[in-house]
Amino acid sequence: MAGIPRIGIGTNSATTVQLLKDGLAFDMSAATVKAVIVSADNTTKLSDQVTPLLSDTGADFATSLIVVSFASATKAGITVQGAAEIEVVVTAGGTDELFYVPIQLTETHII
């Protein structure tokens, strides 16, 4: 997907995210991953935490490709539209690595 992904407020949504270190994909097959939607300035948590899995359709942890799925209930508290981020924490070998993915929160009209 080109550009900044749009996440519909009040809908189930899934976004494919390519994580990069120093501009390169990396093997995170042995890692655990957690994700949450936060405000663009990273001061406010906007959604419940979700856990992307290696088994998610389209995911390839060997090349740091994850699928982040947010059910509408995990986004129930979102009342803002516009710029935000998906905060991703990849934990491997006891070390956490943080990634921030820009997104656009959008009101949906078809539910």
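Residues numbered from 1 in each chain as written. Predicted model: local features only at pLDDT ≥ 70, side-chain atom pairs only at ≥ 80, totals over all residues. Heavy atoms only, no water.

Where strands meet in a sheet, backbone hydrogen bonds hold them as pairs that are either parallel or antiparallel. The strand order 1-6-5-3 describes an open sheet built from 4 strands, whose pairing is mixed. Strands at the two margins of the open sheet, each flanked by one partner only, are strand 1 (6-9) and strand 3 (32-39). On average, each strand axis in the sheet is inclined to that of its neighbour by 35°, with strand direction left out of account. As judged from the 8 bridges shared by strand 3 and strand 5 (residues 82-92), these two strands associate in the antiparallel manner. Opposite Ser39, over in strand 5, you have Ala84 as the bridge partner. (Pairing = 2+ DSSP bridges. Helix = DSSP H or I, 4+ residues; strand = E, 2+ residues; numbered from the N terminus. Axes fitted to C-alpha atoms, helices over the stretch in contact; angles between N-to-C directions.)

So, on to unusual backbone geometry. Although it is not a glycine, Asp22 sits at a positive phi angle of roughly 55°. Structurally, Asp22 can be placed in the loop between strand 2 (13-18) and strand 3. On the accessibility criterion, Asp22 (81% relative accessible area) is exposed. Despite not being glycine, Ser64 has its phi angle at roughly 55°, a positive value. In this structure, Ser64 sits in the loop between strand 3 and strand 4 (65-70). (Buried < 20%, exposed > 50% of the residue type's maximum accessible area, 1.4 Å probe, protein only.)

Residues Leu19, Met28, Ile37, Ile66, Val88 and Leu105 are the most contacted members of the largest nonpolar core, which totals 27 residues. Among the elements of the structure, strand 1, strand 3, strand 4, strand 5 and strand 6 (95-107) are those that each provide at least two residues to this core. Leaving out residues up to four positions away in the same chain, Ile66 has contacts with Thr15, Thr16, Val17, Leu19, Met28, Val33, Pro52, Ala59, Phe61 and Val88. (Core = buried A, V, L, I, M, F, W, Y, C linked by side-chain atoms within 4.5 Å. Contact = heavy atoms within 4.5 Å.)

Quick look at the packing of aromatic side chains now. For the coordinates displayed, the defined rule picks out 1 aromatic pair. Where Phe26 meets Phe99, the ring centres are 5.8 Å apart and the plane angle is 15°; that geometry is what we call stacked. A residue pair is termed long-range when its members are at least 10 positions apart, and Phe26 in the loop between strand 2 and strand 3 and Phe99 in strand 6 qualify at 73 residues. We note that Phe26, like Phe99, is buried. The ring of Phe26 is capped by Lys21, whose NZ or CZ atom sits 4.6 Å from the centre of that ring. (Phe/Tyr/Trp six-rings, centres within 6.5 Å; stacked < 30°, edge-to-face > 60°. Lys NZ or Arg CZ within 6 Å of the ring centre and 35° of its normal.)

Right, let's get into the pairing of strand 5. Of all 11 residues making up strand 5, 8 are buried, and the element is well covered by its neighbours. In this structure, strand 5 lies alongside strand 6, joined through 11 bridges in antiparallel fashion. For Val90, the partnering residue across the bridge sits in strand 6 and is Glu97. Taking the residues between adjacent antiparallel strands as the criterion, strand 5 and strand 6 are bridged by 2 residues, where Gly93 takes a positive phi near 60°.

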